[in-house]
Amino acid sequence: MTFSEITDHIESKTSGKISLIEGKDVIQVTPDNWLEVATLLKDDTSLQFDYLMCISSYDKGNNKTYGAAYNFFSVQLNHYIEVRVEVEDGTSIPSVAGLWRAADWHEREAYDMMGLHFENHPDLKRILLSEDWEGYPLRKKYTEPDYYHGMPVPKDKSYWD
Amino acid sequence: MEEQLLDKSVIETGEMVLNMGPQHPSTHGVLRLKIHTDGEVVSKIEPIIGYLHRCFEKHCEKLSYEQIVPFTDRCDYLASMHMDHAYSLAVEKLLDIELPERVEYIRVIISELQRIASHLVAVGTFGLDVGAITPFTWTIRDRERVLDLFEALCGARLLYNYIWPGGVSHDLPPKFLERTIEFLEYFDPQIDELNNLLTTNKIFIERTADVGVLPPEVGINYGVTGPSLRGSGVNFDLRKNEPYSVYPNFDFDVPLGEGIMGTLGDSWDRYYVRVLEMRESAKIIRQAIEQLPDGDVHAALPKKVRPNAGEVYGRYESARGDVGFYIISNGKNIPLRVKMRSPAFCNLSVLSEISEGWMISDIIAILGSLDIVLGEIDR
């Protein structure tokens, strides 16, 4: 199916739950509707998005809006879709780890790096950084700490000048 | 036998947590496994990763598009060419540029040589994990020849910085194609030797057949890709499903697991798919050399990589599976966000699921058959 066929199909099943971004082949969904749309993407016989490829978190750059881009592929039907869910800082996104197990680690990574919270995630904790790390490094306003467990985090670049 | 061991009425048992790694030869790098066991039987595994984390994605936000290539090199250090190729394809999709035919063919030749080199390490170390020492020395010896070719090509043996967005750094050196053909002539019989020595070895089959069966639907649900998924009989290869570069011009098969020695999707199947893929790669290289056109490899190299604002998700079939690069551009020469979908990251996440009920010694075999590279998992 092409992108417009997919969006028409979703629109016919759940009216008004998705919105399109002008000039892009991307579906945008609000956090409230996300779980319903996700279930449809996975279980509908003419969609069958059985393979969640990637969850990419991103920072909109205004210090309060963060987003997650989900890239899906259907191994059975060989088509592709990208879905975006954007939230304000402090709001959580429903976890889809119950539908696609691949989401488990990807959501943990998005939490670890960008500070996105996923509701009903089986085990939401840091994955790449250590448990006691402070802050979320991939946020644009992130500044690295001066010390970590008493060890100075090197910032002195005078050696190279 | 496992059921009997798990049966609590036979003997009083209790859960024990064992730590394997981060410094353990069988974990293929600095990976720590927290293994919950009942006696010798594994009930759950928590992989603890991040020991090699160097915040690749944060670095990307401070570097121009061209400067990121040496970083992608260091992600999957056993298949650096694949990472460069995957990243370059994504950037070219964002730039919307057409490459000279010669560049595409050179890239395919190099990528398939890299696939052979990477699979040689995978099958060699897999044998090493289950106690077969000789095959490892043989496969490393053969990989050396590929590395020699790469050294002639770009001067580096491990981290190449060869494939750039918009082209490649150099044209092929003199005699490179002849040397490649010589290597293929030498290499084909070596696969038969490997089959005699390892693939059909009784002890090897006992250790790997029926062990760690990955059902196809579980594999897809966990996002497992590459040879690890094809071992379960799923015909999913991006070179065929979503062809990129000039792959549609070549005639090759996608080897799938068939459960010859045991159950479909066991560790032996995952191993054997890699062995068969090396033959297919050799086939592709021969065809590419025959069809290789002339031309200038630097014709499409952009003076400055400055894509329009927008996003792209580029996909690539690397030696370990489906590599994805999600790049957001805001129209400057530095990307706003680069996210890398690492195949081994997803492949590792299925470990706990397929290891349940197996002995600790089998965990080594299962982990080896998934062929993980920690540099790429931790990024």
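Every value quoted in this text rests on a predicted model; they were computed, and no experiment measured them.

A. Inspection of the overall build of chain A at higher detail. When helices and strands are tallied, chain A shows 3 helices and 9 strands. Secondary structure of chain A in N-to-C order comes out as α-β-β-α-β-β-β-β-α-β-β-β. The C-alpha extent of chain A, read off along each of the three principal axes, is 60 × 35 × 30 Å. Within chain A, buried positions represent 37% of all 161 residues.

B. The arrangement of the sheet that holds strand β5 (residues 41-48) of chain B in detail. Residues and elements named next belong to chain B. On the basis of which strands lie adjacent, the open sheet formed by 3 strands has the order β1-β4-β5 and antiparallel pairing. Bordering the open sheet on either side are β1 (15-20) and β5, each of which pairs with just one other strand. Strand-to-strand, the axes of this sheet are offset by a mean angle of 20°, without reference to chain direction. Strand direction decides the pairing type here: β1 and strand β4 (residues 32-38), joined by 6 bridges, are antiparallel.

C. Seen up close, the interface of chain A and chain B. At the interface, 22 residues of chain A touch 25 residues of chain B. Every element with two or more residues in the side of chain A that touches chain B is listed here: β3 (51-59), β4 (65-73) and α3 (102-114) of chain A. The greatest single-element share of the side of chain A that touches chain B, amounting to 6 residues, is contributed by β3(A). Of the residues assigned to the side of chain A that touches chain B, the class counts are 15 nonpolar, 3 polar and 4 charged.

D. Layout of the environment of A:Ser4. Residues and elements named next belong to chain A. As for its placement among the helices and strands, Ser 4 is situated in helix α1 (residues 3-13). For Ser 4, a count of 10 C-beta atoms within 10 Å puts it in the exposed group. Between the alpha carbons of Ser 4 and Asp 25 there is a distance of 8.5 Å; along the sequence they are 21 residues apart.

E. Highlighting the packing of helix α5 (residues 101-129) of chain B against helix α15 (residues 360-370) of chain B. Residue and element names in this part refer to chain B. Between α5 and α15, the shortest axis-to-axis distance is 9 Å and the interhelical angle comes to 180°. One way to sum up the angle between α5 and α15 is to call them roughly antiparallel. Contacts between α5 and α15 pair Thr 125, Phe 126 and Asp 129 from the former with Ile 364, Ala 365, Gly 368 and Ser 369 from the latter. Of the residues that constitute the contact of α5 with α15, the class distribution is 3 nonpolar, 3 polar and 1 charged.

F. Focus on α3(A). Residue and element names in this part refer to chain A. Taking 1.5 Å of rise per residue, the 13 residues of α3 would be expected to cover 18 Å, and the 18 Å separating its terminal C-alpha atoms lies within 8% of that figure. When you tally the buried positions in α3, you get 13 out of 13 residues, the bulk of the element. At the exit of α3 stands Gly 115, carrying a positive phi of roughly 75°.

G. Structural detail: the sheet that holds strand β1 (residues 18-20) of chain A. Residue and element names in this part refer to chain A. Read from one edge to the other, the open sheet built from 5 strands follows the order β1-β2-β5-β4-β3, with strand pairing classed as mixed. Looking at the sheet topology across the chains shown, the edges are occupied by β1 and β3. Each strand of the sheet is rotated relative to its neighbour by a mean of 30°, with strand direction disregarded. Here 8 bridges tie β3 to β4, and the two strands are oriented antiparallel to one another. When the sheet's bridge partners are listed, Ile 55 is paired in β4 with Tyr 70. Seen against the sheet, α1 touches β1, β2 (27-29) and β5 (80-88) and runs at an angle of roughly 150° to β1.

Rules used throughout
Residues numbered from 1 in each chain as written. Chains lettered and ligands numbered in written order. Predicted model: local features only at pLDDT ≥ 70, side-chain atom pairs only at ≥ 80, totals over all residues. Helix = DSSP H or I, 4+ residues; strand = E, 2+ residues; numbered from the N terminus. Buried ≥ 20, exposed ≤ 12 C-beta atoms within 10 Å, placed from the backbone. Pairing = 2+ DSSP bridges. Axes fitted to C-alpha atoms, helices over the stretch in contact; angles between N-to-C directions. Contact = placed C-beta atoms within 7 Å. Nonpolar A, V, L, I, M, F, W, Y, C, P; charged D, E, K, R; others polar. Parallel < 35°, antiparallel > 145°, perpendicular 65-115°, else oblique. Expected span 1.5 Å × (residues − 1).

Keep in mind that these numbers describe shape and distance, not what the molecule does.
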